[in-house]
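# Geometric and topological summary
Listed below, chain by chain, are the residues.
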There are 2 protein chains.
Amino acid sequence: MDRLLRAHIAAFAALATLAFSAGAQADELQARANALFKPIPAQAPALPGNQATAARVALGKALYFDRRLSKSQQISCNSCHSIGAGGADQQRTSIGHHWQRGVRNSPTTFNSAFNFVQFWDGRAKDLTEQAGGPMQNPVEMANTPAAVVATLKSIPGYLPRFKAAFPGEADPITFDNTTKAIAVFEATLTTPNAPFDKFLRGDANALTAAQKEGLRTFMDKGCIACHRGVNAGGEMYAKFGLVKAPGKEIRPDADKGRQAVSKSPDDAFVYKVPTLRNIVLTAPYFHSGKVRDLGEAVRIMGETQLGQALSDADVSSIVMFLGSLTGDQPKVSYPELPPSGPATPAPDYP
Amino acid sequence: MDRLLRAHIAAFAALATLAFSAGAQADELQARANALFKPIPAQAPALPGNQATAARVALGKALYFDRRLSKSQQISCNSCHSIGAGGADQQRTSIGHHWQRGVRNSPTTFNSAFNFVQFWDGRAKDLTEQAGGPMQNPVEMANTPAAVVATLKSIPGYLPRFKAAFPGEADPITFDNTTKAIAVFEATLTTPNAPFDKFLRGDANALTAAQKEGLRTFMDKGCIACHRGVNAGGEMYAKFGLVKAPGKEIRPDADKGRQAVSKSPDDAFVYKVPTLRNIVLTAPYFHSGKVRDLGEAVRIMGETQLGQALSDADVSSIVMFLGSLTGDQPKVSYPELPPSGPATPAPDYP
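Residues numbered from 1 in each chain as written. Chains lettered and ligands numbered in written order. Predicted model: local features only at pLDDT ≥ 70, side-chain atom pairs only at ≥ 80, totals over all residues. Heavy atoms only, no water.

### Remarks on helix α9 (residues 209-220) of chain B
All names here are of chain B. The criterion, for reference: Under the scheme used here, helices are H or I runs from DSSP no shorter than 4 residues and strands are E runs no shorter than 2 residues, and both carry numbers assigned from the N terminus. Every helix has an expected span of 1.5 Å times one less than the residues it contains. Here's how the labels work: a residue is buried when its accessible area is under 20% of the maximum for its type, exposed when over 50%, partly exposed in between, all with a 1.4 Å probe on protein chains only.
With 12 residues, α9 extends 16 Å between its outermost C-alpha atoms, agreeing within 8% with the 16 Å of an ideal straight helix rising 1.5 Å per residue. Taken together, the buried positions of α9 are Gln211, Lys212, Gly214, Leu215, Thr217, Phe218 and Met219. Phi turns positive one or two residues past the end of α9, at glycine 222, with a value near 100°.

Printed below as a string of structure tokens:
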């Protein structure tokens, strides 16, 4: 994998040395960008086998905000993936059950349907599988599928919502349906119409001169070896420290990334390449969440992934481009959650 | 024929008497209720000296959801006063800084502008004063006014919002303006058009027969000695245990209520009478949050405040009426929070 990535980077760097005629530069930049990136589509992406009916999306939204999915009844999906904070939580690593800290920075739910796998280490193949994880993680929501289902069944207002979302099912309140509904709501959390998307669609003035310069730097330096496609990331794995290992405070030895999933020594410190969409909204950065400054994150990437000491000017330029990746944030009305019933378990707390 | 006619006439006469008496009864019930209660107004109430401009309400909404007002940057107003859960948090007592438990159940922010004072013990005279409390409470948001202001000033997106909300002020990001904006947003969180409001406004069919019976029971038993006015509560103090002390598990000895504020022995176990608006959405009940069942709460009230052992039928009847106090829940779109800046303090965590 290392060798393949390095070859990719070399190829892109070679491409970058080619000269372009001044007159064709703008067109050329758009053409180059369009060969590497795709705009966020206006329509939410469809999830295979999980129909995004209005009833199912509405149910998923309620579940996304319902803290009763956690053992303490204090933590919801929105706790760590806040709709108001770019789909993340502004924390180094998230605060979970009984104020325990998770080990990795909360990845954004926005545009997450475009990722090729889910979680930093890709241990979930899709959003539906992902949605079941945090509910069961002892340092996150600390619950069990059986307890989640029992709680949802005890809340009288949920049965009609599940029936509408999963018509024809005799017993629709299941853990699978819970994760399906959450996933289908999450798939609606896309952020189209970023300046960069408008540029890709042909509006040459959608980016400022500095952002265009930043895009060029981003491509020329080889960032696009990993950060490309609709999500400017999210379509491959890469080792954090491909060329040079980052400091241990940023890449702690204890977290071996994908290796814990695949058991392959080749996957040590390998993570899913994160999306750069809305990146200015989702500090702090990296799986460890240890870097708060976007420029510093770019500098570290240059050093660890590309073996380059990026100049301050290059870093600033790339940061300018990254600012063009902020799209329209999802418009979400706060859902009315149905009240607990007499059989609803009490929140578990000490 | 005569006999048939007579029978018809007799039947009509009986029906007319019934209808008349039912009508008279409904009118009488409405008149009694209107002498004690007022409907929630369609318009949000004005706060003296705090103009509800669109810019100020929008700023207040962002602040209400912004966790960076807390020391940990994890807890917002909405954490304990959730828009999706009737303006409260479904917890016995709220979970605050480092998972510490508060001592009292989170009161709803909905319709709170109609309360004559704020907090269970009335230690804040209005919403603006109230809003400053939880930010500074060590077991809640654990912050300081100076740190709140420093954080808000470090977030570049807030300055234009404060300028728009407080035009003409040279240095608008202050703690006072922060609490003013939050208060003016909270004042919009009203829940008009409950069935009971429609009944008060003259729609005799807005309540079911059982709810009307419950309203009658509620008035006849004397609940209206304390629970009346626009909020069916919130306009006076009362001792919890006026006639008979409740069990210590429900009224712990350590919490003396208003006495801690007034220092008067007469105020031992005295609390602001809470609103009954949306009461079915805001379990658990009482300042201790120890009672989860609304019927049980009603039974305890009968015993402790009125010295009456309410029958099961009376309890059920009153609970039916309380269900008619659920109004239109506030429609709140989730705000887009401005990202932190380079000078924004890191969240404080262990």
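Continuing now.
### Re the interface of chain B and chain A
Selection criterion: Residue contacts are defined here by distance: any two heavy atoms, one from each residue, within 4.5 Å place the two residues in contact. Note on terms: buried area is the combined drop in 1.4 Å-probe accessible area of two parts once they are placed together, counting the loss on both. Polar contacts, as counted here, are pairs of nitrogen or oxygen atoms within 3.5 Å of one another; within protein the pair requires one atom able to donate a hydrogen and one able to accept it, and residues that are adjacent in sequence qualify only if both atoms are side-chain atoms. Ten residues, namely Ala, Val, Leu, Ile, Met, Phe, Trp, Tyr, Cys and Pro, are considered nonpolar, four, namely Asp, Glu, Lys and Arg, are considered charged, and the remaining ones, Gly among them, are considered polar.
Counting from both sides, the interface comprises 40 residues of chain B and, opposite them, 40 residues of chain A. Of the roughly 3,500 Å² buried between chain B and chain A, counting both surfaces, carbon and sulfur atoms make up 48%. Seen at the junction of chain B and chain A, the total is 24 residue pairs in polar contact (both at pLDDT 80 or more). In terms of residue class, the side of chain B that touches chain A is built from 17 nonpolar, 15 polar and 8 charged.

### Notes on the environment of glycine 87 of chain B
Residues and elements named next belong to chain B. Position of glycine 87 relative to the elements: it lies in the loop between α3 (77-80) and α4 (127-136). C-alpha separation for the pair glycine 87 and arginine 56, spaced 31 residues apart in sequence, amounts to 20 Å. In contact with glycine 87, not counting residues within four places along its chain, are Cys80, His81, Ser82, Pro107, Thr108, Thr109 and Phe110.

### Observations concerning the UniProt feature "domain: Cytochrome c" (unreviewed entry) in chain A
All names here are of chain A. Our working definition: UniProt positions are given in the numbering used here, feature names are shortened, and annotations may be inferred rather than shown by experiment.
Annotation from UniProt places "domain: Cytochrome c" (unreviewed entry) at residues 55-186 and 209-326. Spanning residues 55-186, this segment combines 42% helix with 0% strand, and its end C-alpha atoms are found 14 Å apart. In residues 209-326, the share of helix is 34% and the share of strand is 5%. The end C-alpha atoms are 17 Å apart.

### Focus on the pattern of salt bridges
We apply this condition: Salt bridges are defined by distance alone: a side-chain nitrogen of Lys or Arg within 4 Å of a carboxyl oxygen of Asp or Glu.
Under the definition given, this model contains 31 salt bridges over all chains. Across the pair aspartate 171 of chain B and lysine 153 of chain B runs a salt bridge whose closest N-O atoms are separated by 3.2 Å. On the criterion of sequence distance, the pair formed by aspartate 171 of chain B in the loop between α6 (158-165) and α7 (175-186) and lysine 153 of chain B in helix α5 (residues 145-154) is long-range, its members being 18 residues apart. In this structure, glutamate 296 of chain B and arginine 299 of chain B form a salt bridge, with 3.0 Å as the shortest nitrogen-oxygen distance. Linking glutamate 296 of chain B with arginine 299 of chain B, this pair stays in helix α11 (residues 294-306), spanning 3 residues, or about one helical turn. On the basis of relative accessible area, arginine 299 of chain B is assigned to the partly exposed category, the value being 31%. Three or more residues joined by partner-sharing salt bridges are found here, namely Arg104, Asp121, Arg123 and Asp255 of chain A.

### Things to note about the packing of helix α12 (residues 294-306) of chain A against helix α13 (residues 312-322) of chain A
All names here are of chain A. Note the following rule: Under this scheme, a helix contributes an axis fitted over its contacting stretch, all axes are lines through C-alpha atoms, and angles between N-to-C directions fall in the 0 to 180 degree range. Handedness of a crossing follows from how the near helix is turned relative to the far one, being left-handed for an anticlockwise turn of less than a right angle and right-handed for a clockwise one.
Between α12 and α13, the shortest axis-to-axis distance is 9 Å and the interhelical angle comes to 115°. Both α12 and α13 take part in a crossing whose hand is right-handed. Touching Leu294, Gly295, Val298 and Arg299 of α12 are Val315, Ile318, Val319 and Leu322, all from α13. Tallied by class, residues from the contact of α12 with α13 come to 6 nonpolar, 1 polar and 1 charged.

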